Each structure stands twice: as C-alpha cells, then as structure tokens.
There are 2 protein chains.
Amino acid sequence: MSRAAEARVTMSERVEEIVVDLGPRSYPVLVGANVLALVGPRLAALGFRNRCAVLTSERIGALYREPLQASLREAELEPVVVEIPDGEEHKNFAWLAVIYDRLIEAGIDRRTPIVALGGGVIGDLGGFAAGTLLRGLPLVQVPTTLLAQVDAAVGGKTGVNHALGKNLVGVFHQPQFVLADVEVLRTLPRREFVAGLAEVIKYGVIFEAALFRHIDRHLDGLLALRRDLLVSVVTASCRHKAAVVAADEREEHGQRTVLNFGHTIGHAIETLTDYKQLLHGEAVAIGMVAAARVSRALGCCGSETVERLEGLLQRAGLPTEIPRGLKPGAIALAMQTDKKSAAGRIRFVAVEEIGRTRLIDLSAAEIASQL
Amino acid sequence: MSRAAEARVTMSERVEEIVVDLGPRSYPVLVGANVLALVGPRLAALGFRNRCAVLTSERIGALYREPLQASLREAELEPVVVEIPDGEEHKNFAWLAVIYDRLIEAGIDRRTPIVALGGGVIGDLGGFAAGTLLRGLPLVQVPTTLLAQVDAAVGGKTGVNHALGKNLVGVFHQPQFVLADVEVLRTLPRREFVAGLAEVIKYGVIFEAALFRHIDRHLDGLLALRRDLLVSVVTASCRHKAAVVAADEREEHGQRTVLNFGHTIGHAIETLTDYKQLLHGEAVAIGMVAAARVSRALGCCGSETVERLEGLLQRAGLPTEIPRGLKPGAIALAMQTDKKSAAGRIRFVAVEEIGRTRLIDLSAAEIASQL
C-alpha cells in the first residue's frame, strides 16, 4: 500500500465535513489531522483528470509541496507548481501577473483545478487568479494558517491589494472544497497561531457562548496544539462561517456583516500602522475589545462582557489595547474610507453578551468618540 | 420641460424590454431609438443615488457623454467620467489599472454604479472593472456598436486581453440593465455596422429561420439604418441571446455553446491575422461559411444551406472566404489553443438547416481537415 493510500485509511475516520450550502455552488469543508493526502482523491471524485496547478508560497511549498504533489499524482492529476515569495507585500498585481503568465503558459483549460496551498495571501491571490482566468477555474483551498482555516478559506472571498488600499480588487469565487489540515499548524510560527485564535474567539463572542467557554477551559491544550482540540475549534469555526456564508454569500443582506465584529476598528488600526506592527488577528483582538467598550458605552452590554473577552484574549497572549499614538480622529478617518462603509454609514457590530450581537448604523465619528 | 424629460416622453412608447431571466440576477435589456436619457431614471428607480461612474472611449465620449451625463445628473447621480483611448489594443491590464486608480480615487463604494458607454472594449473592460472592484459594483451596459448591442452587452461576460491571448482573464458579472439605443448606430463606421450584422445573421442561422428571412428581405432598409428595422433585429437578437444566457449563464451546460457557431474557426482566423486584417464580425462571417461547409462535409446539411448563408453575407458586404495564406494546419493549432477547448476536444456547432444546429465533439484537426 502506498504511503498516501495508507494515510487515507488511517485518517478517514476523523475527517469532519461541513457543507457550505449555496445551492449549485455548495461545497464541503473538510477538517482533520494529517488529511493533506485527501486532495488528490477528492479532486478525482469530482471528475478532474490530467492536470492541475498548485499555487503556494516558498516557505509552505518547501514544507508541504511534496506530499500534496504525491497525492495529486496518485489521482492522475499532474501538478504544475507556482511558488511566490511569502508575505502580504506580494499580494499585488505584479505577482498576480506572474501567476497568470505561469498558468497560461502551462496550458490550463477550464477544467484545470487550481489548488491554493498556503495562508491568506495565497488563498486570496490564488482564489482571484482562479476566479478570473478563463472567467473562472475550479479552485481548492488548502489553508495552512489557523486564520485562513477558520475564516478566509471558507466563503469565496478573494482579493488583491491596490496601492490605495487592501483588497480593493477581488471577486467572490467559491471553491470546489476546502481542506483544513490542523497538522500543518505545527509549523506555523506561534505568534501567527495565537493571532488566528482571535478569530476563533470571535465566533464564540458573536455566535456561541459554549465555544467561548470551550476555548476558555482548554486554552492551554489549544496552545499546546492538541489535535482533538484543534479539530474541534476549527470545525466549530468553519460551521459558523459556513452558516453565515450560506445565508449571505455576497455580503448583501447583513448576515455576513456580523463577522466584521472587531474588524471595523481592527482594520483601521492595521491601516494606520501600515500593516507592519500587528498581525491581522492581533488587530482584531484589539478591535474586539474596543468594539465591546463601544457597545458598553452605547448601553448594549455590561462591564462583565468586556472583561470576560479581554481576559481570554490576554490569557491567549493577544494584545487588547489600541497602540499609543493612534488618535480617535485618525481611526475615524480610516474607518470611513474602508470599502465596507456605504454612503458614510458603518454597520457597527455591537456585542450584547458573549454569544449575541446587534447591528447598529453609526458614523465613523460616532464610533471613534467612544474609544 | 427639460430636454431629457422631453426625450423620455417621446420615446417611452417604443422601448422594447427583454428580461434576462437569472433568478436574483435577472435584468432587463431595453431596446429603442433615442433612449439614452433613460439611463438616469432607470438607475434612480433601482435606488441608486448620489454618484455614479461612466466609463467610455474618447470617440464615443465626445459624441454621447453629454446627454448621458445630463440624464444622470437629473436623476441626482453625479457622474465621474473615465475615458480611455479607442481600440482593442487598450483592452489590457495597463488601462485596467488606470480605470481602477481613477475609480478608487473618486471614492466609489459598493453602491456606486458603473455605466459602460461604448463598444465591446469598453463593455468588457468596464464590466471587468465593475466585477472586481470592491468584489463587485453595480454595472449598466450601454453598448454603442451593433456587435455589442446584439451580443457582448447581454450575458455578463467581461474580459481583459493577456499578451498570450484575448480575454484570457475575465469574470461573469451581470449588469443591472442593458440599454441599446439604435440611434447611436448612425455614428458607427459603416464597416463596423456591417460586421455587426454578421452576428444578427448568426442568430437567424442558429435559432430562427424567420429572422434570417426578415434580414434577407429587408437588407437594404437595414443598411440604410431604418429605425424600425434596427429595433426589430436588435430586439430579436437580444431575445435569443437572453434565452441562451438564462439557460446557461456560465457556459457550463452547452446551451450557450451554440452561440459559438462560426466562432471556432472565426477566432482562429482572427488570431492568425493578429486581429488586424478583419473585424470580429467579418471573421465570424468567414467562420460561419466555413462551419457550414464543414457541416455539409459531415453530412449535417445540404449545399442549399451553405449557399443561402453565403449569399446573404455577401449581399450584406461581408467576406466569406478564408484569407489566402492561412493553412488548415495553422487554423487547427489556433483552434486547439482557444480557451473553449477542453482536454483537446472542441464542441463544434454544425448547422443542419437555417434555424437549426447540432453540437458535435471534434478535434481541431478533424475540423481543419474539412476546410
């Protein structure tokens, strides 16, 4: 028995499968430990043959390209591999052009699946390339950071940064499936893992007090990367994300807006610190505490909600205070120019208690005045 | 009464309205003479306010920007106008970047409609920009060539040319509505008008013998730009295009494939002549006759079908012979690298008689061997 086939057998029992219900565009999110070898057989089961492409980063490619290629080859999908350098600064049109060139030169056609193996940058850029080449190629998201596994890889959002702002260009392009292998989190820098936890905690705050308590109770085990705990929180997170995406695929009806909890202020902080000082999850942690404080000031929640949230984030090792030197006025201006503001109003996600939120239309100035 | 309001009154009786039935993405195609002033009120009726953007070319902008702007301002939609030079050579990433920059600098948000006023280049590039900025902005197609009115503007296809091929990058992005004003065809160069007729004739061949006969009978009137005839053939064409798009929005189920009649060979000819010698419609005219001859060779139709098609195209002033010097082998190779070929097979649209076609899976070599 080949190594890949063996791997399939040992892990077939512990793959969690969540369906993102989007009618004809529905797809599963698979979560498990050591499940990378499932990519090839799953693509084959969907009828893909002959060839495929893998887009990855240099660091992730060095670690996981080979087992992924083996799985694809065994499924008779000869992979073309395109690697780009690591880092958000490469999520731009210049690297998109490189990806376009390489894939077109490789002779892709409309049945050539693109596997995006990496973190958010690879998922966004690979997703955008797949969504726009030949007006849409099949896509598989194989997220390798906790942040991408619990958020970016599910829901079809893709994006490219523009000199005037992040993700100003993008499309919605739903994948054929998402495969989240928690085993790859072992090679993720600890700071990035912890930043990803902020998004998991966010799902607890906005949707499920039990998830919040679960993280609170098992925080040490999570930080020690216990497989069962990782699978449980990634699965719970993907389930929430899948439900929101199914209800509001293109952020048109407000259901998806709730995911912006902590992000309105968090994005502003990221913009003002030039995306250099803080990881996205760290900015979200700060943004969530700030949003909770604004919620308290608006009378939406009490102090104990703010304190529970702040306490858990701090125990996880996340920052919770707005960096010194960032003035409310500057934050207001940054919030206002965010692409999610429509006609100057922001749909602010306020927390009522752990597990429950409310949307309130506010101006950027009104939010900033409570910081 | 303002000029725009007056125009609305005089023309409200003769606007044909065809619905492209795509569930939540359904939209109307409006066809009439002197109907440009409807853009503003229609956008207002859809709830758009404050501002919008107009993308156009220098030539078309000089002719029609002002009445369009007046209509938009009267509807309280302050337009930002972006003009790019005329010509297919500008349908590239460099000009796309200019459009992105201008629109982002103008402070667009997700409720800012983009009006694409122009021919196929503007419709494709403007549609792609609208489809990708902020992950999708509302789009209005105002096609100003016969070709764009009867084909490109309906169906949501957008595209950008890549150095290695035309429209290799694109998205499907359905507009809010399409407005085809046949009056603007008076300023269209005659050669372009005639080339557009090739696509109208195509609808007759693939769907409706009566339309073919109508064109045949009234060819002189059409060439003299009689308004009622123009409205009738544009409306009939859009009705057919709308039905195909509704049945097969993303070219996944074959129904849309039938529109490729004459295009498989036509595209190859365009590629081999570097898109310089022939207009698209002229290449399609040649491709249709070639496809009819291949159909005859395969036993799908008789000589009278080939002759009727060839006769009408020639009377319209269209070319019907493959340019000297283009060898079948070269055409085969060009067909094979077309993005519509999947795994080396081409879904060839064969004609059975005027008004009826059949799809046959062939290799490029098999098609070329009959040329």
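Higher on the page you've got the structure.
What counts and how
- Residues numbered from 1 in each chain as written.
- Chains lettered and ligands numbered in written order.
- Predicted model: local features only at pLDDT ≥ 70, side-chain atom pairs only at ≥ 80, totals over all residues.
- Heavy atoms only, no water.
- Buried < 20%, exposed > 50% of the residue type's maximum accessible area, 1.4 Å probe, protein only.
- Helix = DSSP H or I, 4+ residues; strand = E, 2+ residues; numbered from the N terminus.
- Right-handed = clockwise from strand over helix to strand, strands pointing away.
- Least-squares fit on C-alpha atoms with pLDDT ≥ 70 in both.
- Contact = heavy atoms within 4.5 Å.
- Axes fitted to C-alpha atoms, helices over the stretch in contact; angles between N-to-C directions.
- Parallel < 35°, antiparallel > 145°, perpendicular 65-115°, else oblique.
- Nonpolar A, V, L, I, M, F, W, Y, C, P; charged D, E, K, R; others polar.
- Salt bridge = Lys/Arg side-chain N within 4 Å of Asp/Glu carboxyl O.
- Arc of directions from axis to C-beta.
- Pairing = 2+ DSSP bridges.
- Phe/Tyr/Trp six-rings, centres within 6.5 Å; stacked < 30°, edge-to-face > 60°.
- Lys NZ or Arg CZ within 6 Å of the ring centre and 35° of its normal.
- Polar contact = N/O pair within 3.5 Å; in protein donor to acceptor, adjacent residues only side chain to side chain.

Draft legend 1. Seen up close, the pairing of strand S3 (residues 50-57) of chain A. The buried count for S3 of chain A comes to 6 of 8 residues, which makes it a mostly enclosed element. In this view, the connection linking S3 of chain A to its parallel neighbour strand S4 (residues 77-84) of chain A by way of helix H3 (residues 58-74) of chain A has right-handed handedness.

Draft legend 2. Summary view of the relation of the copies chain B and chain A. Overlaying chain B on chain A yields an RMSD of 0.0 Å, the required transformation being a rotation through 180 degrees with an accompanying axial translation of 0.0 Å. On this basis, the relationship between the two copies can be described by a two-fold rotation axis. Considering only C-alpha atoms, the part of chain B nearest the rotation axis is Val 171 of chain B, at 4.2 Å. The residues that chain B uses at the interface reappear at the interface of chain A in 100% of cases, marking a shared surface.

Draft legend 3. The arrangement of the packing of helix H12 (residues 280-297) of chain A against helix H13 (residues 303-316) of chain A in detail. All names here are of chain A. At a closest axis distance of 9 Å, the pairing of H12 and H13 adopts a crossing angle of 170 degrees. When the interaxial angle is binned, H12 and H13 end up roughly antiparallel. Residue-level inspection shows Ala 285, Met 288, Val 289, Ala 292, Arg 293 and Arg 296 of H12 in contact with H13, the latter providing Ser 303, Val 306, Leu 309, Glu 310 and Leu 313. Residue composition of the contact of H12 with H13, grouped by class: 7 nonpolar, 1 polar and 3 charged.

Draft legend 4. View of the pattern of salt bridges. For the structure on display, the rule yields 48 salt bridges over all chains. Between Arg 25 of chain A and Glu 249 of chain A there is a salt bridge, with the nearest N and O atoms lying 2.6 Å from each other. Of this pair, Arg 25 of chain A sits in the loop between strand S1 (16-20) and strand S2 (27-32) while Glu 249 of chain A sits in the loop between helix H10 (227-247) and helix H11 (263-272); the two residues are 224 residues apart in sequence, bridging distant segments of the chain. The class for Glu 249 of chain A is buried, based on a relative accessible area of 15%. Close ionic contact of Arg 110 of chain B with Glu 251 of chain A constitutes a salt bridge, the shortest N to O distance being 2.8 Å.

Draft legend 5. Structural view of helix H14 (residues 328-336) of chain B. All names here are of chain B. Looking at H14, one finds that the buried residues are Ile 331, Ala 332, Ala 334 and Met 335. Buried residues of H14, viewed axially, fall in a sector of 165 degrees; they line one side. What points out from H14, more than 90 degrees from its buried face, is the exposed set Gly 329 and Leu 333. Looking at the packing, one finds that the buried side of H14 touches helix H11 (263-272), strand S10 (345-353) and helix H15 (364-368).

Draft legend 6. Just the sheet that holds strand S5 (residues 114-118) of chain A, in detail. Residue and element names in this part refer to chain A. Read across the open sheet, the 7 strands follow the order S1-S2-S9-S6-S5-S3-S4; overall the sheet is mixed. Either end of the sheet is taken by a strand with one partner, and the two such strands are S1 and S4. On average, adjacent strands in this sheet sit at an angle of 20 degrees to one another, irrespective of strand direction. Where S3 meets S5, 4 bridges bridge the pair, whose relative direction is parallel. Counted as the bridge partner of Ala 53 is Ile 114 from S5. Set on the sheet, H10 makes contact with S1, S2 and strand S9 (177-181); between it and S1 the angle comes to about 10 degrees.

Draft legend 7. Representation of the packing of aromatic side chains in the model. Going through the model one piece at a time under the given rule, you end up with 2 aromatic pairs over all chains. With 5.7 Å between their ring centres and 35 degrees between their planes, Phe 93 of chain A and Tyr 100 of chain B make a pair best called tilted. Separated into two different chains, Phe 93 of chain A in helix H4 (residues 93-105) and Tyr 100 of chain B in helix H4 (residues 93-105) make up a pair that spans both. In this structure Phe 93 of chain A comes out as partly exposed when scored by relative accessible area, which is 27%. Looking at Tyr 100 of chain B, the relative accessible area reads 3%, which means it is buried. Note that Lys 202 of chain A overlies the ring of Tyr 203 of chain A, its terminal NZ or CZ placed 5.4 Å from the centroid.

Draft legend 8. Spatial organisation of the side chain of Glu 352 of chain A. All names here are of chain A. If you trace the backbone, Glu 352 turns up in strand S10 (residues 345-353). In this structure the side chain of Glu 352 is engaged in a polar contact, spanning 2.7 Å, whose partner is the side chain of Arg 358. Excluding anything up to four places from it in sequence, Glu 352 contacts Cys 300, Cys 301, Thr 305, Thr 357 and Arg 358.

Draft legend 9. Inspection of unusual backbone geometry at higher detail. Residues and elements named next belong to chain B. Unlike most non-glycine residues, Arg 135 shows phi in positive territory, near 60 degrees. Positionally, Arg 135 belongs in the loop between helix H5 (120-132) and strand S6 (139-143). Even without a glycine there, the phi angle at Tyr 275 is positive, about 60 degrees.

Draft legend 10. Quick peek at the pairing of S5 of chain A. All names here are of chain A. Along S5, 5 of the 5 residues are buried, which leaves the element largely enclosed by surrounding structure. Residues Ile 114, Ala 116 and Gly 118 of S5 are buried on one face, and the alternating residues Val 115 and Leu 117, pointing to the opposite face, are buried as well. With 5 bridges joining them, S5 and strand S6 (residues 139-143) adopt parallel strand pairing. Paired with Gly 118 across the bridge in S6 is Pro 143. Traced from S5 through helix H5 (residues 120-132) to S6, the parallel crossover comes out right-handed.

Draft legend 11. The interface of chain B and chain A, seen in detail. Tallying the contact residues gives 31 residues for chain B and 32 residues for chain A. At the boundary of chain B with chain A, the tally comes to 2 salt bridges. For the pair chain B and chain A, the number of links is 10 residue pairs in polar contact (both at pLDDT 80 or more). Tallied by class, the residues present in the side of chain B that touches chain A amount to 13 nonpolar, 8 polar and 10 charged.

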